[in-house]
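Residue-level structure breakdown
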Amino acid sequence: MSGGSDSKKPDTNLDRAAQLLNEAEFSIALTGAGVSVESGIPPFRGPGGLWTKYGEPPLDGYERFISDPKRAWEELLKPTEDWLVGLRQTLGRAKPNVAHFSLAKLESLGAIGALITQNVDDLHRQAGQRELYEIHGNFKLLRCVGCSERFSFENFPIDVKSLPPKCPNCKELIKDDTVHFGEPIPSEILASCERVSERADCILVVGTSATVYPAAGFAVEIARRGGTLIEINPEPTELTELATIFLGGTASAILNDLSEKILRLHRPG
Ligand SMILES: [Zn+2]
């Protein structure tokens, strides 16, 4: 069942992808901006991208936060920088699409054991994904830089006269959960991602060009040790030459068909 990228009919490739996912011992999914495009969230870079439109966020975002958390918090509560205003509005409006719901369905069918996402948009949670690792954080959450506990941004008591807020457990600084430029990936999330990808013999990569590390490394690692790599992207990427199967198209259309096929495999006849 191994093989390259022979030009078979799309349906044949889809059947084969469903079969491989179904036969795998433990499959994981890795998602990026491409799954959220149809929820109205443009990718950051490229034509129509958020950063193209509003300008790039500061490349020393984490450094700025840590060196002046009071000011960072004022900006967080009342954004003045265009890219942040634009990003917040876009994220606030977005709802999960068929791609998110199909991935949640694949999990409930047992075809996916865990999902790693580079997205901060909360949409996998809203779609009901349970075993979820948000490697770049979640815009609706806050995180303690000391004990790493997460809190709901909406419900966390914030005294604007006494910024920055402190952790109720360990009194350390609270920041937004989104991983800023220059900020290390929270170690417990990274460890969980490494744990599930070491266990995985199959990875479904959706809507990411797989150039952002460490996330891309998980897919490369699984493919290099002989695991199955199924890639879903509109166009081939740097990862495609390593892929067992490449399925070209939008995330929602392909994932919808894939989850239907797997459902049928579970209910023969
Ligand atoms: Zn804490």
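All values reported here derive from a predicted model rather than from experimental measurement.

Here we come to unusual backbone geometry. That bond from Leu163 to Pro164 is cis: its omega, -5°, falls within 30 degrees of zero. Tracing the chain through its elements places Pro164 in the loop between strand S5 (150-152) and strand S6 (174-176). One non-glycine residue with positive phi stands out, namely Asp122, at about 75°. Inspection of the secondary structure puts Asp122 in the loop between strand S2 (114-117) and helix H7 (123-126). Positive phi is not limited to glycine here, since Ser148 has a value of about 70°. Relative to the elements of secondary structure, Ser148 occurs in the loop between strand S4 (141-144) and S5.

Along any regular strand the residues' side chains alternate between the sheet's two faces. Of the two faces of S2, the one lined by Ala114 and Ile116 and the one lined by Leu115 and Thr117 are each fully buried. Where strand S1 (residues 27-31) meets S2, four bridges bridge the pair, whose relative direction is parallel. Bridging across to S2, Thr31 finds its partner in Thr117. Here three bridges tie S2 to strand S3 (residues 132-134), and the two strands are oriented parallel to one another. Along S3, the bridge assignment pairs Leu115 with Leu132.

One finds Ile116, Ile203, Val205 and Ala219 to be the most contacted residues of the largest nonpolar core, which totals 51 residues. If one sorts the elements of this core by residue count, helix H6 (residues 98-108) sits on top with six residues. Among all residues touching Val205, those that are not within four sequence positions of it are Leu30, Ala210, Ala219, Leu229, Glu231, Ile232 and Leu239.

Each assigned domain of the chain is listed with its residue range as follows: domain 1 (1-41 + 96-136 + 185-269), domain 2 (42-93) and domain 3 (140-177). Across the contact, seven residues belong to domain 2 and six residues belong to domain 3. The greatest single-element share of the side of domain 2 that touches domain 3, amounting to six residues, is contributed by helix H4 (residues 69-77). Across the side of domain 2 that touches domain 3, the residue classes break down as five nonpolar, no polar and two charged.

Turning next to the sheet that holds S2. Strand order in the open sheet formed by six strands is S3-S2-S1-S7-S8-S9, and the pairing between neighbours is parallel. Here the strands that pair on one side only, and so sit at the sheet edges, are S3 and strand S9 (245-248). Direction aside, neighbouring strands of the sheet carry axes that sit 15° apart on average. When strand S8 (residues 228-233) meets S9, the two strands line up parallel, connected through four bridges. Of the residues in S9, the one forming a bridge with Glu231 is Phe246. Where helix H8 (residues 187-199) meets the sheet, it contacts S1, S2 and S3, and its direction lies at approximately 135° from that of S3.

The rules behind the values
- Residues numbered from 1 in each chain as written.
- Predicted model: local features only at pLDDT ≥ 70, side-chain atom pairs only at ≥ 80, totals over all residues.
- Helix = DSSP H or I, 4+ residues; strand = E, 2+ residues; numbered from the N terminus.
- Buried ≥ 20, exposed ≤ 12 C-beta atoms within 10 Å, placed from the backbone.
- Pairing = 2+ DSSP bridges.
- Core = buried A, V, L, I, M, F, W, Y, C linked by C-beta atoms within 7 Å.
- Contact = placed C-beta atoms within 7 Å.
- Domains from an automatic or database assignment.
- Nonpolar A, V, L, I, M, F, W, Y, C, P; charged D, E, K, R; others polar.
- Axes fitted to C-alpha atoms, helices over the stretch in contact; angles between N-to-C directions.

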